[in-house]
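So you can see what is in the structure, the chains are spelled out below.
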4 protein chains.
Amino acid sequence: MRIGVLTSGGDCPGLNAVIRSVVHRAVVDHGDEVIGFRDGWKGLLECDYLKLDLDAVSGILARGGTILGSSRVRPEHLRDGVERARGHVRELGIDAIIPIGGEGTLKAARLLSDSGLPIVGVPKTIDNDIAVTDVTFGFDTAVTVATEALDRLKTTAESHQRVLIVEVMGRHTGWIALHSGMAAGAHAVVVPERPFDIDELTAKVGERFEAGKRFAIVVAAEGAKPKPGTMEFDEGGKDIYGHERFAGIARQLSLELERRLGKEARPVILGHVQRGGTPTAYDRVLATRFGWHAVEAAHRGDFGRMTALRGTDIVMVPLAEAVETLKTVPAERYAEAECVL
Amino acid sequence: MRIGVLTSGGDCPGLNAVIRSVVHRAVVDHGDEVIGFRDGWKGLLECDYLKLDLDAVSGILARGGTILGSSRVRPEHLRDGVERARGHVRELGIDAIIPIGGEGTLKAARLLSDSGLPIVGVPKTIDNDIAVTDVTFGFDTAVTVATEALDRLKTTAESHQRVLIVEVMGRHTGWIALHSGMAAGAHAVVVPERPFDIDELTAKVGERFEAGKRFAIVVAAEGAKPKPGTMEFDEGGKDIYGHERFAGIARQLSLELERRLGKEARPVILGHVQRGGTPTAYDRVLATRFGWHAVEAAHRGDFGRMTALRGTDIVMVPLAEAVETLKTVPAERYAEAECVL
Amino acid sequence: MRIGVLTSGGDCPGLNAVIRSVVHRAVVDHGDEVIGFRDGWKGLLECDYLKLDLDAVSGILARGGTILGSSRVRPEHLRDGVERARGHVRELGIDAIIPIGGEGTLKAARLLSDSGLPIVGVPKTIDNDIAVTDVTFGFDTAVTVATEALDRLKTTAESHQRVLIVEVMGRHTGWIALHSGMAAGAHAVVVPERPFDIDELTAKVGERFEAGKRFAIVVAAEGAKPKPGTMEFDEGGKDIYGHERFAGIARQLSLELERRLGKEARPVILGHVQRGGTPTAYDRVLATRFGWHAVEAAHRGDFGRMTALRGTDIVMVPLAEAVETLKTVPAERYAEAECVL
Amino acid sequence: MRIGVLTSGGDCPGLNAVIRSVVHRAVVDHGDEVIGFRDGWKGLLECDYLKLDLDAVSGILARGGTILGSSRVRPEHLRDGVERARGHVRELGIDAIIPIGGEGTLKAARLLSDSGLPIVGVPKTIDNDIAVTDVTFGFDTAVTVATEALDRLKTTAESHQRVLIVEVMGRHTGWIALHSGMAAGAHAVVVPERPFDIDELTAKVGERFEAGKRFAIVVAAEGAKPKPGTMEFDEGGKDIYGHERFAGIARQLSLELERRLGKEARPVILGHVQRGGTPTAYDRVLATRFGWHAVEAAHRGDFGRMTALRGTDIVMVPLAEAVETLKTVPAERYAEAECVL
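Residues numbered from 1 in each chain as written. Chains lettered and ligands numbered in written order. Predicted model: local features only at pLDDT ≥ 70, side-chain atom pairs only at ≥ 80, totals over all residues. Heavy atoms only, no water.

S.K.: Just checking my understanding: could you explain the domain arrangement of chain A for this structure?
M.R.: All names here are of chain A. For chain A, the domain assignment lists domain 1 (2-138 + 279-322) and domain 2 (140-275). Summarising the inter-unit geometry, the C-alpha centres of domain 1 and domain 2 are found 34 Å apart. Taken over both partners, the interface formed by domain 1 and domain 2 buries close to 990 Å², and the fraction arising from carbon and sulfur atoms is 52%. If you sort the residues of domain 1 by the area they bury against domain 2, Ile126, Asp127 and Thr280 come out on top, with a joint share of 45%. Our count for the domain 1 to domain 2 interface comes out at zero salt bridges. Joining domain 1 to domain 2, the criterion identifies ten residue pairs in polar contact (both at pLDDT 80 or more). Class assignment for the residues of the side of domain 1 that touches domain 2 results in five nonpolar, four polar and four charged. (Domains from an automatic or database assignment. Buried area = accessible area lost by both parts, 1.4 Å probe. Salt bridge = Lys/Arg side-chain N within 4 Å of Asp/Glu carboxyl O. Polar contact = N/O pair within 3.5 Å; in protein donor to acceptor, adjacent residues only side chain to side chain. Nonpolar A, V, L, I, M, F, W, Y, C, P; charged D, E, K, R; others polar.)

Listed below in structure tokens is the structure:
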């Protein structure tokens, strides 16, 4: 059997672990041939690939990033490319394609699958926003990195009587904010799912100081927003250069809280460090299992589906379901976290 | 409501996170009173306890160990003590007892529950051997510590052309060995569930060297055993001092592999470092959720049961079920790990 | 003997280790009494202090921050307070004061020392900018945190073909940038000591991409500046809210490099995480030694001086010297780092 | 210029950083050619080498081990090989040899240097036992790994009322034991330099428990020994299999302390994990500087010497001096550590 693998979309710790697992399972146990397309779908559309044998994946298990490179491809661009993709698959004699990626990648995977290509997807997102799987690799690493940073920030906030607003990843969902906030014992968490009331938030933080505490840590998902009208908010979050990426809920929130509380408030933006570097043991195990089961699915001819974690089992779910809904943080999970919302 | 908490059995990262969560949820959200019994069941039997308010649990979330102390109590000893325990519960006006512990502790919890005491259990084991929950806190930390050690050992083994046999925790189950071995890319994993064939193991390791590799890492759960008759094995594993704890599968295996392969082989015993220190973010979140749900169960009067993780949900399961069977590593999980067995 | 300790200035990993060491050496080995002034000089001026016995410093060795709290006091404010300070020292019967702090603190220490108070200083700076000592505690931790972040960022930059500009601490000196850049293998380092030439920097980064590399990492000390006239630069670095702290060399540099190279460039600002949290083993040892020697100096009546590291020895140097010059990064150190400058 | 590099002796974090630095400085800045001999001196004697260009050292900075491999060669073996070595150097047209290694390697380096070969040594030891340099790379990493383990062990020892005897590396010197013990706040440290008195040690540990403490941590360098006659001690430390490596001061000490104190005592042997894996930022910087200066020395024709750290400077010292004396822990350093001795 000849298998093509590719990684697409944003970086995510564990991508290399999946690639390695696919190659090990396919080559060692099935005697398959594996090739890797460079830079995601682009590699398939341009027939740009490399042979993946055991040596090619030696030593990559714990390495961040992806040896195949990645890229973001516009769906419409891909739509025009379906025929080209089908052609290359025919030429290369590929029996199965294993795309590893997030929502966008899985949508593209479904598109190609519907056009008849033999696709087995592997979901990937540090945001934990894919509904049909309990979790995917990358999320645990992101939470771990954010938590270690919060652990460090607590001591420094305490000795200097500050409010720190720590911005973590999560444009549409607050999972990283919720879990890192719970893990580090933050005093408030704000997330995209439910716009926060700045008065409530100010009150909650203020109470800590009245109670004699010397600091407070607020974790803010980058997509968090205030309730309309409760505070002036730079919606588009564009900076003077017109760059979206500098909007910054943490910056705006720190200014607002400083003004309202009369306490020094500082923003900390963790940024890309959350999606780079060595995956945690948890993510390496999950990624390895996903890769293994993707190969098995390919050999069963179980196409048009993707790997998912349910409890402790790896199951296959239709790509169609995978991209239907975003997994947002439910109300009861906030309650557990004793958060302001 | 008045709640008594205790921690019993071996150390496990996350115990303090549960205690803190119980206190926060009970005191802040329910206005309950919480006391902590010292050194496990001993504290209940001897009525030795301290008041747990918010200050008492401040700053313990990320700290290893348990602020309540722990101890191992012999079941028969506890059986004799049931009446005493009931008496103290009455005197202290306790409405719910939340014991946090492993198999032994949960057996004791069931005993007391059957005698009519209001018990809500919280399972704890770094070994991941409790069947009714997907996982418990402590396991992820143990696997993480073992994996970091394996990551370090790989480079040194490689540059010095060695076989390293790394002994990790797991007297009865191989979960830590399996997960850390998968996460670190070990070349063989031996576990208690299935005695290994030393000839197969030697062959597998030997093949690596024939293939030009310069090293091999074997992960051995402390309870791993060879198939009877395949190699001389110090069953009881007693040393010249008659101490059981120095038996050591890693030591015996390194001697045997060195003899058979004519390659330098060295044992590394990770030991207690796997069950101490700061819990991972994953374990802190799980422990915090367990504590929260234990308090809710107490308020519902949902006694005789314990918290468990199923998928992403925390559910309550009867204590009776909890201790019936040991969760061992199933065959298909080994297949995924490409292990010798 | 009665000793007063205080911590002043910005946070720095190792402060608690010094406090603990002072108390251990003084109380255990000399039978001294130790008190700690709260929030730096403020505590001395307002006679706000706590007794420091062995229990008070138990478990703080590895904890970041300072149990005594800190504050920044304006020199002129202190000048007016000299008499008050002398009065409190008399009342409390203090035989020696051990202030732990950076440049500002040591200047204040010298002021009080000149006024006749028995002062033994302990230098502290994560910036490594105190000339009379090889290094102080805090610096190694800051470099370690920055290096771990850079390690993570390299993999993600590589898989996504990006330039990352990583802003590390250092308003006046580039030590953290230089060491973390060397340790992580950054491709360029810009520092306050020598304004960079944006054309050279662009060329150096550009060459990497022409040579087929897929990414580049530039480490920028927060105080780094371009050569006048080589690029538009927001000197004061004020943002639309007029806050200095959001100026950001990394942001401006990323915009400029993106424009010039036509490659995606992103800023990452590490911020406070560099000065918080558990100190490295190196910093704990150095901080412990400083505390020990400060107590010895007090017992020798060796006042008006501060502890310093010279090679492997702890020596005492006059406070006068300590604050004379800033230790900047010399040219030959850049050469070693193969940096653009 | 043509430079030959080799790594010899035990593993040490930072070896790859030196190799990389030598190649970068030599190739990029001097246009030199660099080759690497495989497996230490063996590679020179057998003319087994590979070309080292920038690609060959890409990505190795933070990796443990050595890409050149290492081996221990018997001096007499080398003595016989001097002529062979000289011949290969001539054939290969090598202008400078840079051996990176510990005491044995430097002795060999001196031997070859005296025979007229152009040698520039780079010292390496995790034990910190080379007298002519303040420190070498590898030591900081070993201390860091040991300290992290001790941090973890403290919490578990505390919650279970135990004495833990933690064996760290150091056959002839106690530097790792001293620094990790100081950094982690151990309660006693025993080292090879001064045989310990078991009665004093027992008393010191016993006092902790009498004072109400619930645990004690003793750090023991593997070469630590009791004063003759104070306790039964398995000198050769051979186990029932006649293997020296299982002697174990920690094991014997735990048995003795358990017997004397009637408290549970457990040995923990950290082992090879201390010399493997990613080097700390400190060691990466020092290793990089050593490599850089070794190349400069070669270009100056400054042979027969080795790099050394003095304060913050890298200096060159004669190989002759380098191996004369072992750097042991002086008495005043113990005093600082408040150790039993």
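Let us keep going from here.
S.K.: Help me understand the relation of the copies chain A and chain B in this model?
M.R.: Between the two copies of the chain lies a rotation about an axis combined with a shift along it. When chain A is fitted onto chain B, the two copies agree to an RMSD of 0.0 Å after a turn of 180 degrees and an axial shift of 0.0 Å. Seen this way, the second copy is the image of the first under a two-fold rotation axis. Of every C-alpha in chain A, the one belonging to A:Gly311 sits nearest the axis of rotation, 1.9 Å from it. When the interface residues of chain A are mapped onto chain B, 100% of them are again interface residues, pointing to one common binding face. (Least-squares fit on C-alpha atoms with pLDDT ≥ 70 in both. Contact = heavy atoms within 4.5 Å.)

S.K.: Is there a simple way to think about the sheet that holds strand 6 (residues 163-168) of chain C in this case?
M.R.: Residue and element names in this part refer to chain C. Pairing is parallel across the open sheet formed by four strands, whose spatial order is 7-8-6-9. In the strand order of this sheet, the two ends are held by strand 7 (188-190) and strand 9 (265-269), each with one partner. On average, each strand axis in the sheet is tilted by 20 degrees relative to the strand beside it, whichever way the strands run. Across the sheet, helix 8 (residues 249-261) is in contact with strand 6, strand 7, strand 8 (216-221) and strand 9; its angle to strand 9 comes to roughly 170 degrees. (Pairing = 2+ DSSP bridges. Helix = DSSP H or I, 4+ residues; strand = E, 2+ residues; numbered from the N terminus. Axes fitted to C-alpha atoms, helices over the stretch in contact; angles between N-to-C directions.)

S.K.: Please clarify how the packing of helix 6 (residues 175-184) of chain A against helix 9 (residues 281-300) of chain B should be interpreted in this entry.
M.R.: Helix packing for two helices is described by the angle between their axes and how far apart those axes are. Running from N to C, helix 6 of chain A and helix 9 of chain B cross one another at 80 degrees; their axes reach a closest spacing of 8 Å. Classified by the angle between their axes, helix 6 of chain A and helix 9 of chain B sit roughly perpendicular to one another. Across from A:His179, A:Met182, A:Ala183 and A:Ala184 in helix 6 of chain A, the residues of helix 9 of chain B making contact are B:Ala281, B:Arg284, B:Val285, B:Thr288 and B:Arg289. In terms of residue class, the contact of helix 6 of chain A with helix 9 of chain B is made up of five nonpolar, two polar and two charged. (Parallel < 35°, antiparallel > 145°, perpendicular 65-115°, else oblique.)

S.K.: Please explain the pairing of strand 10 (residues 305-310) of chain A as it appears in this structure.
M.R.: Looking down a regular strand, the side chains alternate between one sheet face and the other. Residues and elements named next belong to chain A. Alignment of strand 5 (residues 120-123) against strand 10, held across two bridges, turns out to be parallel. Residue pairing in the sheet places glycine 121 in a bridge with methionine 306 of strand 10. With six bridges joining them, strand 10 and strand 11 (residues 313-318) adopt antiparallel strand pairing. In the sheet register, arginine 310 faces strand 11, and the bridge partner there is aspartate 313. In sequence, strand 10 turns back onto strand 11 through a hairpin of two residues, with glycine 311 there showing a positive phi of about 65 degrees.

S.K.: Quick question: what am I supposed to make of the relation of the copies chain B and chain D here?
M.R.: Structural alignment of chain B on chain D gives an RMSD of 0.0 Å, achieved by rotating through 180 degrees and translating 0.0 Å along the axis. A share of 98% of the interface residues of chain B reappears at the interface of chain D, consistent with the copies meeting face to face through the same patch.

S.K.: Please clarify how the UniProt feature "binding site: Mg(2+)" (unreviewed entry) in chain A should be interpreted in this entry.
M.R.: The sites that carry the UniProt feature "binding site: Mg(2+)" (unreviewed entry) are, in the present numbering, A:Glu103. Of note, A:Glu103 is situated in helix 4 (residues 103-114). (UniProt positions renumbered as here; feature names shortened; annotations may be inferred.)

S.K.: Please explain the interface of chain A and chain B as it appears in this structure.
M.R.: On the side of chain B, 33 residues touch chain A, which itself brings 33 residues to the contact. Summed over both sides, the interface between chain A and chain B buries roughly 2600 Å², with carbon and sulfur atoms accounting for 54% of that surface. For the pair chain A and chain B, the interface holds four salt bridges. A:Arg289 is paired through a salt bridge with B:Glu336; the nearest N and O atoms lie 2.7 Å apart. Counting across the chain A and chain B interface gives nine residue pairs in polar contact (both at pLDDT 80 or more). The set of elements that each furnish at least two residues to the side of chain A that touches chain B consists of helix 1 (15-30), helix 5 (139-159), helix 6, helix 9 (281-300) and helix 11 (331-337) of chain A. The dominant element in the side of chain A that touches chain B, judged by the number of residues it contributes, is helix 9 of chain A, at eight residues. In the side of chain A that touches chain B, the residues fall into ten nonpolar, ten polar and 13 charged.

S.K.: In this structure, what is going on with the packing of aromatic side chains? I would like to understand it.
M.R.: To describe a pair of aromatic rings, one takes the distance between the centres and the angle between the planes. Residues and elements named next belong to chain B. Per the counting criterion, the structure on display carries ten aromatic pairs over all chains. A centroid spacing of 6.3 Å and a plane angle of 70 degrees characterise the contact between phenylalanine 37 and tyrosine 49, whose relative ring orientation is edge-to-face. Of the two residues, phenylalanine 37 sits in strand 2 (residues 33-37) while tyrosine 49 sits in strand 3 (residues 49-51), which places them twelve residues apart along the sequence. Sitting over the face of the ring of phenylalanine 215, arginine 208 holds its NZ or CZ atom 5.1 Å from the ring centroid. (Phe/Tyr/Trp six-rings, centres within 6.5 Å; stacked < 30°, edge-to-face > 60°. Lys NZ or Arg CZ within 6 Å of the ring centre and 35° of its normal.)

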